[in-house]
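Okay, here's what each chain looks like letter by letter:
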Amino acid sequence: MSVTIATDSLFNSEERDGLRLLVGMIIPASQTYTLPGADDERIFADILDSARANEVQIRNSLAYGVENGLGAKVSAAELCSRLEGQPVMAPLVSLVMQCYYRDDRVMLALEMEPRPPFPNGYDVPQGDWSMLDAVQKRGKIWRDV
Amino acid sequence: MTEDVDFSPADVLIIGAGASGATAAWNLAETKMRIVCLEQGGWTNPSDYPTTGRDWESRAQSDFSINPNRRQQPGDYPVNDDDSPIKIANFNGVGGGTVLYAGHYPRFHPSDFKVKSLDGVGDDWPLSYDDLEPFYAENDRITGVSGLAGDPAYPAKQSLMPPLPMGKSGQKLAEGFNQLGWHWWPSDSAIATQPYNGRDQCINLGACIYGCAQGAKASTDITYWPEAIRAGVELRTNCRVKAINVGDDGLASGVTYFDEEGVEQFQPAHVVIMACNGVGTPRILLNSVSDQFPDGLANSSGLVGKNLMLHPYASIQGVFADALDGYRGPHDSIWSQEFYETGEERDFVRGFTYETTRGRGAVATALTGVHSGRIPWGEGHHHAYRKLFNRIAGMVAICEDLPEEHNTVTLDPNLRDAHGIPAPKMTYSISDNSQKMLDFAVARASETLLAAGAEDLIIESPLAAGGWHLMGTARMGVNPQKSVVNEWGRSHDVKNLFVVDGSIFVTSAGVNPTRTIQTLALYITDQMKKRLTQLFD
């Protein structure tokens with residue numbers, strides 16, 4: 001993933017600050033799980049870079065946040081309660097999840113290998129096929145014509 | 001380039017290079033007729049499939065979305081689905097819907113062809129399971145079907161490769177079915193579990209419905225098309241058909257289409273075969289208006305575009321304490337047809353299949369949790385996420401949809417595609433019978449998941465995104481007043497026009513249609529070959 005520098009960004013400085021506050025609210029850092037928040041520098045850069053595809057919708061999410069107290073003297077808990085679950089926030093939430101859960105550190109913490117699925121693939125156990133014995137004992141269930 | 005294209009008359013012109021178009025092309029190739037296929041999309045390079053990159057889950061929501069209105073690639077056209085609770089899903093390119101399908105590959109049952117006789121609803125097909133059985137077998141051979149012989153829900157059929165692994169998810173769900181004494185069996189899948197016909201076996205990438213980078217999933221761009229092209233079929237991509245032209249004799253004379261440079265062209269042909277799916281085929285027929293066919297081509301019955309069937313789906317997912325397959329493995333695992341045949345004690349007729357689902361990727365887990373209210377913003381996010389990650393498994397119920405004339409594909413009065421061709425509009429409502437079936441399916445699936453140890457259930461019914469089975473809109477039948485094509489796929493009105501895609505379905509069964517679509521394409525083209533000297537009689 002590319003690293004976005006300030007002059008490349010779709011958003012001005014104030015907008016970036018606002019977005020960073022919002023994404024950090026959606027997924028904060030965790031000491032318990034030793035994880036960064038979505039406002040981590042690397043993850044946030046990915047979010048800004050990936051926002052191009054849905055710029056209008058992301059701006060709408062940000063504007064809604066500002067209308068409801070983002071950047072004003074409103075507690076994080078109060079702001080969350082105003083914004084969480086609102087349809088206009090969905091595009092930003094989706095973007096945050098997409099970028100957060102492909103970060104190497106987050107994937108490693110989930111015991112995933114930080115790589116694309118192809119070409120190595122994954123292992124899946126066969127399972128216990130003797131469990132079919134009970135089904136076979138019941139016999140035919142399709143209807144004659 | 002246009003000057004390299006041979007516009008002399010084709011013996012056979014096929015519109016659409018998807019599941020049925022590829023099959024038809026392959027089967028007719030041995031006649032050595034000049035066969036040309038026009039496909040509005042292009043070839044997809046397997047190295048471009050999302051699973052080759054770290055951003056694969058993002059691409060599943062953008063350029064590889066199953067919804068063309070979201071995907072908006074050059075081969076796509078808009079579909080107005082505002083008046084349908086089930087939204088369109090398709091793929092426009094070589095391989096068609098087989099590029100993005102999960103590879104669930106059940107056959108119809110014998111009873112699926114006799115719905116009217118058995119249950120007093122819908123209509124009977126003008127052919128039977130026994131008529132199609134040899135063609136099912138031939139299609140299985142080309143496609144490469146994995147599964148396990150002996151399924152008590154079906155007449156005897158061979159399996160060419162072992163089944164996909166059950167995995168932890170499938171085994172967990174099998175425990176639930178066994179506790180209740182209900183049927184289950186490994187799914188038939190169009191996914192290679194061993195090297196097959198030059199394709200490698202599945203390596204459990206976990207994202208079948210966004211294209212198989214491994215080539216283990218049988219999409220027709222890698223099964224039928226290579227052989228058809230080697231046998232001399234000409235496939236022109238990025239060519240969108242606008243209309244089928246008709247001569248003074250009332251026969252199709254060829255098609256008008258936009259070539260890859262956007263220039264309008266006319267390709268004459270002696271025979272035209274439509275393979276554009278249950279939305280694309282009526283769209284072209286309704287756009288093909290002439291003095292002889294003022295209501296659209298081949299539409300004297302008035303049934304072109306009517307009887308749209310979509311298979312209402314319900315999704316019932318369980319959250320388990322144990323870690324399951326999660327992001328690993330094909331979507332296919334085991335299925336249950338316990339409630340497939342009509343049960344007289346139930347308050348609906350016909351039935352459904354449960355197809356189990358293994359789990360979902362890391363991003364999809366997060367989105368599922370957020371949208372269902374199980375993962376909050378803020379401090380509780382991480383703990384709540386870990387209760388879901390790799391711990392979701394369940395099933396979808398594929399409900400048989402009955403044909404109803406008020407469910408339609410028409411031409412949208414305002415919406416047009418990039419070439420200015422009127423776009424299709426889907427108008428669809430879920431019937432009482434379907435709603436009762438969905439409710440029943442949700443209740444029984446919930447029982448199964450709880451019996452298997454699920455601690456929480458996530459239910460979506462109907463599944464809004466599930467408009468991937470498009471059927472019924474140019475139905476087959478012997479009566480020209482009650483059908484669009486005859487019992488071997490030829491238009492009643494236009495003797496050199498054939499339809500081979502899911503539009504011809506009389507009823508929908510409660511299973512995925514692709515295996516039967518391809519089987520019918522083999523059957524119809526086989527009939528054409530047998531009748532070559534009297535094809536237009």
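Everything discussed here concerns the structure shown above.
Residues numbered from 1 in each chain as written. Chains lettered and ligands numbered in written order. Predicted model: local features only at pLDDT ≥ 70, side-chain atom pairs only at ≥ 80, totals over all residues.

## As for the packing of helix α5 (residues 129-143) of chain B against helix α12 (residues 514-530) of chain B
Pairs of packed helices are described in terms of their axes, by the angle between the two and the distance that separates them. All names here are of chain B. Running from N to C, α5 and α12 point in directions that differ by 115°, and their axes come no closer than 8 Å. When the interaxial angle is binned, α5 and α12 end up roughly perpendicular. The element α5 and its partner α12 pack so that their crossing is right-handed. Touching Leu132, Phe135, Tyr136, Glu138 and Asn139 of α5 are Arg515, Gln518, Thr519, Leu522, Tyr523 and Asp526, all from α12. (Axes fitted to C-alpha atoms, helices over the stretch in contact; angles between N-to-C directions. Helix = DSSP H or I, 4+ residues; strand = E, 2+ residues; numbered from the N terminus. Parallel < 35°, antiparallel > 145°, perpendicular 65-115°, else oblique. Left-handed = near helix turned anticlockwise from the far one by under 90°. Contact = placed C-beta atoms within 7 Å.)

## Examining the pairing of strand β9 (residues 313-319) of chain B
Working note: regular strand, side chains alternate between the two faces of the sheet. All names here are of chain B. The buried count for β9 comes to seven of seven residues, which makes it a mostly enclosed element. Judged by which residues are buried, β9 turns out to be covered on both faces: Tyr313, Ser315, Gln317 and Val319 on one side and Ala314, Ile316 and Gly318 on the other are all buried. When β9 meets strand β12 (residues 392-399), the two strands line up antiparallel, connected through seven bridges. Counterpart to tyrosine 313 in the pairing with β12 is isoleucine 398. Inspection of the sheet shows β9 paired to strand β15 (residues 456-460) by five bridges, in the antiparallel sense. Note on β15: the bridge partner recorded for glutamine 317 is isoleucine 458. (Buried ≥ 20, exposed ≤ 12 C-beta atoms within 10 Å, placed from the backbone. Pairing = 2+ DSSP bridges.)

## Looking at the sheet that holds strand β10 (residues 334-336) of chain B
All names here are of chain B. One open sheet holds the six strands; their spatial order is β4-β10-β11-β12-β9-β15, and the pairing between them is antiparallel. The open sheet has two edge strands, β4 (185-186) and β15, and neither has a second partner. Sheet analysis places β10 next to strand β11 (residues 352-357), joined by two bridges and oriented antiparallel. What sits directly across from tryptophan 335, in β11, is glutamate 355.

## A short note on the sheet that holds strand β13 (residues 408-416) of chain B
All names here are of chain B. Overall, mixed pairing links the three strands, which are arranged β3-β14-β13 in an open sheet. Unpaired on one side and paired on the other, β3 (80-83) and β13 mark the two borders of the sheet. Each adjacent strand pair in this sheet contributes to an overall mean axis angle of 40°, direction not counted. Here β3 pairs with strand β14 (residues 422-427) via two bridges, running parallel. Following the sheet pairing, aspartate 83 is matched in β14 by threonine 427.

## A word on helix α9 (residues 362-371) of chain B
An α-helical turn contains 3.6 residues, so any two residues separated by three or four positions project in the same direction. Buried residues dominate α9 of chain B, accounting for eight of its 10 residues. Looking at the buried positions of α9 of chain B, the neighbouring elements they touch are α5 (90-100) of chain A together with α2 (56-59), α10 (381-388) and β12 of chain B.

## So, the pairing of β13 of chain B
Residues and elements named next belong to chain B. Two strands pair when backbone bridges link them, and β13 and β14 are joined in this way by five bridges, in the antiparallel orientation. What sits directly across from threonine 408, in β14, is threonine 427. Hairpin connection of β13 to β14: five residues between the antiparallel strands, including glycine 420 at a positive phi of 85°.

## Let's talk about the interface of chain B and chain A
The interface of chain B with chain A comprises 52 residues on the first partner and 42 residues on the second. Going through the elements one at a time, α2, α6 (167-180), α9 and α10 of chain B are the ones with two or more residues in the side of chain B that touches chain A. By residue number, the principal contributor to the side of chain B that touches chain A is α6 of chain B, which donates six residues. Of the residues that constitute the side of chain B that touches chain A, the class distribution is 22 nonpolar, 21 polar and nine charged. (Nonpolar A, V, L, I, M, F, W, Y, C, P; charged D, E, K, R; others polar.)

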